[in-house]
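Summary of structural features
Chain residues, written in single-letter form:
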Amino acid sequence: MLQPKRVKYRNHHRGRRKGLSVAGSSLNFGDFGLKATENAWVTSRQIEAARRAMTRYARRGGRMWVRVFPDKSVTARAAETRMGKGKGAPDHWVAVVKPGKIMFEMAGIPEEIAKHALTLAASKMPMGTRIVSRTNVRSKE
C-alpha cells in the first residue's frame, strides 16, 4: 500500500474539497488517462486496486503512470470510546482528488485495451471519472 515514509505532522485537518485541480489536469506522460470529474478522498487501497486491475488487463504491456499519492492521514478512534483524550491515531492514508485531476495514464498499448483497462480502474474509484486521450495518438512505426 502507498503511504509516505515520514511526515511532519501525524494528524491532518479534514479540509475542504472545493475548487478544480489546476496542477495535474493534462496528460503529461501517456496517450490515455483517467480524469476525475468529482472531488473525493481516494484511499491507498483504492489506488492499489485500480493499479492491479489495469496491469492485469493490459498483461504487462505498455507503460502505466500513477499520478496520485496518498499523503493525507485519516484518523480513527476505537468504537464505543468516550469523548475527549485527543484525536485518534492515523488509520489510513488518502489522496485528495479534485475535478480535473488525471489519476492514471497509459501508453504503448492499443486504444481498445487501454480504454477497457481504464474502465476497470474507474470502477474502483469512489467518484465519477472520464477517460481522456491525446488528440493525436502516435501511431506504431
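Everything here concerns the structure above.
Since this is a predicted model, take the numbers as computed values, not measurements.

A few words on the packing of helix α1 (residues 44-58) against helix α2 (residues 111-122). Where α1 contacts α2, the axes come no closer than 8 Å and their chain directions differ by 155°. Taken as axis vectors, α1 and α2 run roughly antiparallel relative to one another. The way α1 lies across α2 gives a crossing that is right-handed. Between α1, through A50, A53, M54, Y57 and A58, and α2, the contact on the second element is made entirely by I113, H116, A117, L118, L120 and A121. Among the residues making up the contact of α1 with α2, the classes are represented as 10 nonpolar, one polar and no charged.

In this section: the pattern of salt bridges. Counted by the stated rule, this structure contains four salt bridges. Residues R134 and D31 are paired through a salt bridge, measuring 3.6 Å at the closest nitrogen-oxygen approach. Highlighted residues: R134 in the segment after β7 (129-133) and D31 in the segment before β1 (32-36), separated in sequence by 103 residues. The class for D31 is buried, based on a relative accessible area of 7%. Its salt-bridge partner being R51, residue E48 comes within 2.7 Å of it at the nearest N-O pair. Taken together, the residues E48 and R51, both in helix α1 and three residues apart, mark about one turn of the helix.

Thresholds applied
- Each chain carries its own residue numbering, running from 1 in the direction its sequence is written.
- Since the coordinates come from a predicted model, pLDDT governs what is reported: local features require at least 70, and pairs of side-chain atoms require 80 or more to be given and counted, while whole-chain, interface and lining totals use all residues.
- Side-chain numbers come from the whole structure's heavy atoms, not from hydrogens or water.
- Note on method: axes are straight lines fitted to C-alpha atoms, helices fitted across the in-contact stretch only, with angles between N-to-C directions ranging 0 to 180 degrees.
- A helix here means a DSSP run of H or I that spans at least four residues, while a strand means a run of E at least two residues long, and both kinds are numbered starting from the N terminus.
- Small angles under 35 degrees read as roughly parallel and large ones over 145 as roughly antiparallel, with 65 to 115 read as roughly perpendicular and the rest as oblique.
- Each crossing is labelled by how the near helix is turned from the far one, with a counterclockwise turn of less than a right angle marking it left-handed and a clockwise turn marking it right-handed.
- In what follows, a contact means two residues having at least one pair of non-hydrogen atoms within 4.5 Å.
- All amino acids are sorted into three groups, where Ala, Val, Leu, Ile, Met, Phe, Trp, Tyr, Cys and Pro are nonpolar, Asp, Glu, Lys and Arg are charged, and the leftover types, Gly among them, are polar.
- Put simply, a salt bridge is a Lys or Arg side-chain nitrogen that is within 4 Å of an Asp or Glu carboxyl oxygen.
- Exposure is judged per residue with a 1.4 Å probe applied to protein chains only, and the accessible area is read against the type maximum: over 50% gives exposed, under 20% gives buried, and values in between give partly exposed.

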